[in-house]
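Fold and geometry: a report
So the chains spell out like this:
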Amino acid sequence: MIDCEAMRDRMPDVAHARARWTDPEASHLDACADCALEWRIVRAGIALEAGTVVVTDRVARSVTDRLRNAGPPPGVVGRIPWRGVVIGLIAAAACVALMFWVPLPDRAGRRPTGDSTIAAAMLPELQGLDESQLRSVLQSLGPSPADATPGVLPHLGDLTDSELEQLLRSEGGQ
Amino acid sequence: MGPSCQEALLWVGGQPVTDPELVAAWRGGDESAATQLVHRYAAALGRYLAASGAASAEVEDLVQDTFFKAFRGLHGWRGDGSFRGWLYRIAGNVLKDRFRQNKGRVFLEIEEHDIVDAADPAGELAADEMGRQLQAGLRRLPRLQREVFLLRVQQGLDYSEIAASLGSTPGAARVHYHHAVRRLKELLA
């Protein structure tokens, strides 16, 4: 029993004279209209564009001339994706810059204020100053945010009667 | 059919010169090795490009581009695969680039010289007719099926070479070929 699919696989090889039909295959080809049509298609396919003219000497000459004039082929360096490398370097530089410019949070998760950042940056210079010079520096910085907040309220027991009465009035809206 | 049979086409001093040997020679600075490879495959490449839709006036130029790019890009060819399959892959890309440049020129021109000569007038007429029908049928196939059919039938590549050429597997190439033949049979019946 001849398999038509196997015939189809072998047709190009037989048509290119790299293989030959066996006797049973040749008989099948005569009897099977399907395979006979495929065989005609394959033989026509081999002949497709048989008249195409390519002057191989001319092509060879042109190719070797072009290769000579083109210089060395692109090597490993030429194949490195430079754009990607440059983008990676820029990204790395940006990360390093951010690490210096944006202070990291402390253990409690609080970010240092601008003043402490400035102070940290000034530390080496401050070490060389005497006490009076340090005082003048502190005055020039002005009051810290902590100084601006109200102090701790005195204990109620420390208030006089009149102060206590005044406080109760203010809290009660009277 | 193994690559050793297909590639040992030229003989020097009684010894076959294979494609990898010629490639190695060219890499070593032997310009004549490139010339030999061009002589070996230029005509077949020209027929393949013409059957794939290249205008006859452009075929030689495309063949030249294919070889130029092949030699310039030899670092991309793994010596374990077929040089011929790799060459057809480049040819396909060169043709696609040309189609893009030409903004989708008409596919598959039919010219008088396209049809094979036959010894007897009746046979010639039949061959003409079948050739025309086949070209018309090829035009209606999906691109991959058309390429596989041409590589298998017109160029005589085996499935592994076709797979290497199209970046596929031999099994997939075989399936595409069977689909192409069945579809052509429907169109030509």
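Here the structure is a predicted model, which is why all the values come from computation and not from measurement.

Here's the deal with the overall build of chain A
Across its full length, chain A holds 10 helices and 0 strands. Counting from the amino terminus, helix and strand elements in chain A follow one another as α-α-α-α-α-α-α-α-α-α. Sorting the 174 residues of chain A into buried and exposed places 18% on the buried side. Across chain A, every contact between residues at least 6 apart in sequence was considered, and the portion connecting residues at least 24 apart equals 32%. Roughly 13,100 Å² of accessible area belongs to chain A as shown, and the carbon and sulfur atoms make up 61% of that amount.

What to know about the interface of chain A and chain B
Counting residues at the interface gives 42 residues for chain A and 49 residues for chain B. Of the roughly 4,200 Å² buried where chain A meets chain B, counting both sides, 61% is carbon and sulfur surface. Between chain A and chain B we count 9 salt bridges in total. A:R58 is the salt-bridge partner of B:E60, the closest N and O atoms lying 2.5 Å from each other. Counting only elements with at least two residues in the side of chain A that touches chain B, the list comes to α1 (4-15), α3 (33-46) and α4 (56-70) of chain A. Here the side of chain A that touches chain B is built from residues that sort into 20 nonpolar, 8 polar and 14 charged.

Some words on the nonpolar core
In terms of nonpolar packing, the biggest core is built from 71 residues, with B:V63, B:F67, B:F71, B:F83 and B:F149 touching the most fellow members. In terms of residue count, the dominant contributor to this core is helix α3 (residues 31-51) of chain B (11 residues). Setting aside anything within four residues of it in sequence, one finds B:V63 in contact with A:V54, A:V59, B:A42, B:L45, B:G46 and B:L49.

A closer look at the confidence of the model for chain B
Residues and elements named next belong to chain B. The share of residues in chain B with pLDDT of 70 or more is 78%, and the mean pLDDT across the chain is 83. Across residues 1-9, where pLDDT falls below 50, the model places 20 contacts with residues more than four positions away in sequence or in other chains. A low-confidence stretch, residues 106-119 (pLDDT under 50), is modelled with 40 contacts involving residues beyond four sequence positions or located in other chains. In the predicted assembly, ipTM is 0.79 and pTM is 0.64.

Some remarks on the confidence of the model for chain A
Residue and element names in this part refer to chain A. Per-residue confidence for chain A averages 76 on the pLDDT scale, and 63% of its residues sit at or above 70. Of all helices and strands in chain A, the one with the weakest mean pLDDT is helix α9 (residues 145-148) (48), whereas α1 scores best (96). Across residues 148-152 the pLDDT falls below 50, and counting only partners more than four positions away or on other chains, this stretch makes 0 contacts in the model.

As for the packing of helix α7 (residues 143-154) of chain B against helix α9 (residues 170-188) of chain B
Residue and element names in this part refer to chain B. In the contact formed by α7 and α9, the axes pass within 8 Å of each other and the chain directions differ by 95°. As the angle between them shows, α7 and α9 are arranged roughly perpendicular. Judged by residue contacts, L144, Q145, V148, F149, R152 and V153 of α7 engage A173, H176, Y177, H179, A180, V181, R183 and L184 from α9. Residues belonging to the contact of α7 with α9 are distributed by class as follows: 9 nonpolar, 3 polar and 2 charged.

Analysis parameters
Residues numbered from 1 in each chain as written. Chains lettered and ligands numbered in written order. Predicted model: local features only at pLDDT ≥ 70, side-chain atom pairs only at ≥ 80, totals over all residues. Heavy atoms only, no water. Helix = DSSP H or I, 4+ residues; strand = E, 2+ residues; numbered from the N terminus. Buried < 20%, exposed > 50% of the residue type's maximum accessible area, 1.4 Å probe, protein only. Contact = heavy atoms within 4.5 Å. Areas by Shrake-Rupley, 256 points an atom, 1.4 Å probe, with all protein chains shown as cover. Buried area = accessible area lost by both parts, 1.4 Å probe. Salt bridge = Lys/Arg side-chain N within 4 Å of Asp/Glu carboxyl O. Nonpolar A, V, L, I, M, F, W, Y, C, P; charged D, E, K, R; others polar. Core = buried A, V, L, I, M, F, W, Y, C linked by side-chain atoms within 4.5 Å. pLDDT = per-residue confidence, 0-100. Axes fitted to C-alpha atoms, helices over the stretch in contact; angles between N-to-C directions. Parallel < 35°, antiparallel > 145°, perpendicular 65-115°, else oblique.

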